[in-house]
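Listed below are the residues making up each chain.
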Amino acid sequence: AARERQPMRADDITALSGWALAPLIPNARAELAVPMTLGERLIGVLVVQSTEAGRFSETDSWVMSTLADLLSVAIQNADLYAQAQEGAAYEERNRLARELHDSVSQALYGIALGTKTARALLDRDPSKLKEPLDYILQLADAGLMEMRALIFDLRKDSLQEEGLLAALTRQTDSMGAR
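A quick note: this is a predicted structure, and the numbers were derived from the prediction, not measured.

1. Section: the overall build of the protein
Line of reasoning, step 1. In terms of helices and strands, the protein carries four helices and three strands.
Line of reasoning, step 2. The order of α-helices and β-strands along the protein, N terminus first, is β-β-β-α-α-α-α.
Line of reasoning, step 3. Relative to its full complement of 178 residues, the protein shows a buried share of 22%.
Line of reasoning, step 4. In the protein, of all internal contacts separated by at least 6 residues, the share reaching a separation of at least 24 is 52%.

What follows is the structure, encoded as structure tokens:
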């Protein structure tokens with residue numbers, strides 16, 4: 001069936017010479033094998049067996065072919081869905097990477113610069129430390145709020161879990177933090 005890309009029916013395996021059957025059921029005598037294809041691509045073979053010789057008819061072959069076509073489309077849809085999920089995950093990772101770079105990494109860079117300034121003032125004029133230290137604290141708070149907002153975005157949809165009011169409250173808090 002795979003080679004010919006056609007349904008193959010064996011009414012009595014014991015009467016056929018050279019027929020190799022991998023029995024799926026004990027004492028199998030009849031088999032119907034139908035290729036599962038998408039265009040020219042073979043994706044599998046649908047096989048049914050029976051202990052009764054001559055069990056499968058042309059109608060069975062037609063029904064199994066229809067079922068094989070439906071299963072092929074279902075498999076293709078599952079593959080497409082998985083690809084779409086992977087694409088969405090990739091896009092989300094890129095979005096988070098951009099936001100981390102744009103906000104949190106800039107805040108950390110500012111913290112590093114403010115700390116260098118404070119360190120230099122520590123030796124020269126400790127009375128002027130208040131301004132750079134306040135700047136460092138402000139950047140750290142902003143970076144922390146942005147990180148919390150990004151983590152909030154990663155959580156499961158609270159609408160389904162907690163209801164509309166809780167979801168709106170969380171979204172408002174997230175936007176407020178940003």
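2. Here's the deal with a nonpolar patch on the surface
Line of reasoning, step 1. A cluster of nonpolar side chains, contributed by Leu 24, Leu 42, Val 45 and Val 47, occupies part of the molecular surface with about 300 Å² of accessible area.
Line of reasoning, step 2. As for its placement among the helices and strands, Leu 24 is situated in the loop between strand E1 (8–10) and strand E2 (30–38).

3. Overview of helix H1 (residues 58–124)
Line of reasoning, step 1. Here H1 contains 67 residues, and its C-alpha end-to-end distance of 97 Å stays within 8% of the 99 Å for a straight helix at 1.5 Å per residue.
Line of reasoning, step 2. Considering bend angle alone, the principal kink of H1 is centred on His 101 and spans about 35°.
Line of reasoning, step 3. Measuring from the side-chain oxygen of the N-cap residue of H1 to the backbone nitrogen of Thr 59 gives 3.3 Å; that N-cap residue is Ser 57.

4. Thoughts on the environment of Ile 25
Line of reasoning, step 1. With respect to the secondary-structure elements, Ile 25 resides in the loop between E1 and E2.
Line of reasoning, step 2. Relative accessible area serves as the criterion here: at 30%, Ile 25 is assigned to the partly exposed category.
Line of reasoning, step 3. Spatially, the C-alpha atoms of Ile 25 and Ser 50 are 7.6 Å apart, while their sequence positions differ by 25 residues.
Line of reasoning, step 4. Ignoring anything within four residues of it in the chain, the contact list for Ile 25 reads Gln 49, Ser 50 and Thr 51.

5. A look at the sheet that holds E1
Line of reasoning, step 1. With antiparallel pairing, the three strands of this open sheet are ordered in space as E1-E2-E3. The open sheet has two edge strands with one neighbour each: E1 and strand E3 (41–50). Here the average twist between neighbouring strands, direction ignored, is 15°.
Line of reasoning, step 2. Of the pairings in the sheet, the one linking E1 to E2 comprises three bridges and is antiparallel in character. Bridge assignment links Met 8 to a residue of E2, and that residue is Ala 33.

6. What to know about the pattern of salt bridges
Line of reasoning, step 1. Considering all chains together, one arrives at six salt bridges under this definition.
Line of reasoning, step 2. Ionic pairing is found between Arg 29 and Asp 12, a salt bridge with its closest N-O pair at 2.7 Å. A residue pair is termed long-range when its members are at least 10 positions apart, and Arg 29 in the loop between E1 and E2 and Asp 12 in the loop between E1 and E2 qualify at 17 residues.
Line of reasoning, step 3. According to the relative accessible area criterion, Arg 29 is partly exposed, its value standing at 31%.
Line of reasoning, step 4. Beyond isolated ion pairs, a larger network of salt bridges with shared partners links Arg 9, Asp 11 and Glu 58.

Parameters and conventions
Residues numbered from 1 in each chain as written. Predicted model: local features only at pLDDT ≥ 70, side-chain atom pairs only at ≥ 80, totals over all residues. Heavy atoms only, no water. Helix = DSSP H or I, 4+ residues; strand = E, 2+ residues; numbered from the N terminus. Buried < 20%, exposed > 50% of the residue type's maximum accessible area, 1.4 Å probe, protein only. Contact = heavy atoms within 4.5 Å. Patch = residues over 30% accessible without salt bridge, like charges linked within 9 Å, V, L, I, M, F, W, Y side chains within 5 Å. Areas by Shrake-Rupley, 256 points an atom, 1.4 Å probe, with all protein chains shown as cover. Salt bridge = Lys/Arg side-chain N within 4 Å of Asp/Glu carboxyl O. Expected span 1.5 Å × (residues − 1). Bend = angle between axes of the 7 residues up to and from the residue. Polar contact = N/O pair within 3.5 Å; in protein donor to acceptor, adjacent residues only side chain to side chain. Pairing = 2+ DSSP bridges. Axes fitted to C-alpha atoms, helices over the stretch in contact; angles between N-to-C directions.

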